[in-house]
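Chain residues, written in single-letter form:
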Amino acid sequence: MKTVIISNRLPVKIIEENNEYTFIPSEGGLATGLGDVYKSGNSIWIGWPGIEVPEERQEEVTQKLAELNLFPVFLTQNEINLYYEGFSNEVLWPVFHYLVTYAHYEQSYWDCYQSVNEKFAKSAMQVLGRKDKIWIQDYQLLLLPGILREKLPNATIGFFQHIPFPSYEIFRLIPWREELLNGLIGADLIGFHTYDDVRHFISTATRLLPVQSSSNVLNSHERQIVVEAFPMGIDFDKFSDLPATEKVKNEINYFRTGKEDMKVILSIDRLDYSKGILERLKAMELLLQHHPEYIGKIELFMIVVPSRDTVPQYSELRDQIDQFVGNLNARYRSMNWIPVNYFYRSFPIEVLSALYSTADICLVTPMRDGMNLVSKEYVASRNRNDGVLILSEMAGASKELTDAVIVNPNNMGDIMEAIVTALKMPLEEQQLRMTAMRAIVEKFNVKHWVNNFILRLNEVKDSQKSLLTKHAVNSINEVIAAKYAKTTDRVLFLDYDGTLVDFTGNIDDASPDDELYDLVENLTIDHANKVVIISGRRHETLEQWFGHLKVDLIAEHGAWQKSYGDKWNSLPLLTDQWKLEIKALLETYTDRTPGSFIEEKSYSLVWHYRKAEEGLGDLRANEIVSHMKILAADKGLQLMPGNKVIEFKNIEVNKGKAALNWLYDKNPDFILALGDDHTDEDIFKVLPDDAFTIKVGNNISEAKYYLNDFKEVRKLLWSLVKEEFVERG
Ligand code: GDG
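So, how was this worked out
Residues numbered from 1 in each chain as written. Predicted model: local features only at pLDDT ≥ 70, side-chain atom pairs only at ≥ 80, totals over all residues. Heavy atoms only, no water. Helix = DSSP H or I, 4+ residues; strand = E, 2+ residues; numbered from the N terminus. Buried < 20%, exposed > 50% of the residue type's maximum accessible area, 1.4 Å probe, protein only. Contact = heavy atoms within 4.5 Å. Areas by Shrake-Rupley, 256 points an atom, 1.4 Å probe, with all protein chains shown as cover. Lys, Arg positive; Asp, Glu negative; His and termini not counted. Charge placed at Lys NZ, Arg CZ, Asp CG, Glu CD. Near = heavy atom within 4 Å. Polar contact = N/O pair within 3.5 Å; in protein donor to acceptor, adjacent residues only side chain to side chain. Nonpolar A, V, L, I, M, F, W, Y, C, P; charged D, E, K, R; others polar. Expected span 1.5 Å × (residues − 1).

For the protein chain, the count of helices and strands is 25 helices and 29 strands. Looking at the protein chain as a whole, 57% of its 729 residues are labelled buried. Pairs at least 24 residues apart make up 70% of the contacts formed inside the protein chain by residues separated by at least 6 positions. When the accessible surface of the protein chain is totalled, it reaches about 31700 Å², and 50% of it is carbon and sulfur. The positive charge centre, built from 79 side chains, and the negative charge centre, built from 106, are 2 Å apart in the protein chain.

With that out of the way, let us pick up the site of the ligand. Surrounding the ligand, one finds 19 residues, the nearest of these being H162, F347, D369, L373 and E377. N372 has a polar backbone atom sitting 2.9 Å from an oxygen atom of the ligand. Between L373 and the ligand, the recorded distance is 2.8 Å, taken from a backbone N or O atom to an oxygen atom. Within the complex, the protein chains bury 77% of what would otherwise be the 740 Å² of accessible surface of the ligand. Secondary-structure elements contributing two or more residues to the shell around the ligand are β12 (263-270), α13 (349-358) and α14 (373-381). Of the residues forming the shell around the ligand, the biggest block, three residues, is contributed by α14. In terms of residue class, the shell around the ligand is built from 10 nonpolar, five polar and four charged.

Further remarks concern helix α8 (residues 195-208). Taking 1.5 Å of rise per residue, 14 residues should cover 20 Å, and α8 covers 20 Å from first to last C-alpha, within 8% of that figure. All of the buried residues along α8 are D197, V198, H200, F201, I202, T204, A205, T206 and L208. At its buried positions, α8 is contacted by α6 (168-171), α7 (177-184), β8 (189-192), β9 (212-214), β10 (217-220) and β11 (223-229).

See below:
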């Protein structure tokens, strides 16, 4: 079993000299972190090698890359233009960074994005084994998990997104939103940098797709998908060790000589509108205007690494930066000082290290950033625990590096103040803050990130497997059927809503259909069977729906009971005096929650919110629970949160007690109980060990087994009826 990493780019730099290709493994953070993974055993990294390789030379490149455990996906220039520059960087990048006006929703981009994701899948299939672990990286390959899932239904697939996941209101703007989400949920584990991204993804997926969520787990077609935050780290040791090397020492000498008394502010980014470069310059201008005492005493070293500058928005940004820096320097410079040292180029890592380890302040103010590794690299380089990090609250890193001076990057005054604070910060405070941040960056390094992700991916797969063994289909169904066939005194406790019929928006729409009547009648033909419909519904409703059938009925969770052929009985000594007060209180919530309503039963009150706005209903339900639980307890009531309902009822009434009561002086040799919500758990808990208890929906339950939905319930029950026919026949 090997691990297969798939990303847009392979971790190599390609040099073409004298018609000869040479591949140099890259030293980027991701490549370092994943180094142990893809270089071990027969593991492999799949991706685009970074240049267009003519067809006749593709075999040669494939062979050379194989020596480095790499496998190429060859892309044409047209594909790079449409899939990478187009869809990835002109649709997904701006939208995911909340700059929706920069997005170009071109159909040709989307078409190519799909076909290139297919192409990646095709390449992957050439090297993937059935049991391999697959780890897909980033937003260029959102469709790939879904495509691979179709080809390899049991594969272990992890996905990590390096950029933010926007809130639902932003994501929904994308014309191909469902397709993208469906691609993503092909994975078993979906990772983001922060918990905010996780929340956004879960709320988006549950609003746009027919999937349910329970905390950070999504359920889709019998598969559980875990969504979790894995804040990516850096190679701490590398950045901490570099300043002591000869090369870096020389660079430091070169850079700092003559600047001994100068306070140096450092900023490093790729050219991108999400990085807040112009706003940072404006804050610098503000500082020089409002604090002229710093003129000649501070210098900003601003490195902007060239990126995507063939795209008009990027070249415009570059021009704006050029202009701003030129203007600012021209206005404030003196013969031997300029405020902004601006470099539009990249530097060797040794130069970066020299800057990181000697700059007094590192100014990181992106408008949005998935994580931002520059901030962590600065911290790791500060071996003397001094220096101040100013960090945007919009960068994922701000969730971990809480000892930085945190700023809102849109507030230029705030950034200016932060620079002043940093310039004045006493050494002891710098050290306190930096020590705390270094401990975090050291512990949560890139290896930790990789290990955590892989560990969790294994766990998710294991728990999917153990869940599968509880799924009451196939082998389990056979066990139930075998016992059914051998027994002669059976009872079947069947919940109604969500168990025998689907859960609907309108409670009155859920009346039984012909197939259900047929099924129940078939079950009751056999004299060995007692069918007990046990529901929270009003007894009048159950009477109307099932009164004519040969079944026993338990309504309102046990407050009312009726044996076949008998009259309805209610539990003795029950009072409903409490209803007036509770109802008046519940009405105040109904008045504030459009779509919610109160259902009154003989001995209970139910606040329904299945038609209320998604999220608002849950919020109100939580309010009701926290505001009314003491009052409910004082009145001897049980407050039960259920599936989009909250029910208040007499504490003596519950389905478990009702089931036990029903079983009193009976001794069946086969018990089956099926139910889908909280209230059914009371039945599962009280039944004897040899009973078959089955939860509908695969979340945590006291039941032994689970089925996915009412369709699977009906299938199971039909199989029992048919078993009977076969036996008799
Ligand atoms: C994406 C997400 C997320 C920069 N200049 C030079 C140079 N660098 C290196 C830095 C750092 C990396 O580039 C930049 O990483 P960031 O995290 O800051 O930003 P993105 O490239 O946008 O990365 C981001 C990241 O993915 C990881 O998940 O944090 O939010 O946008 O490592 O050191 N390296 C060299 N010379 C330079 O001039 N050698």
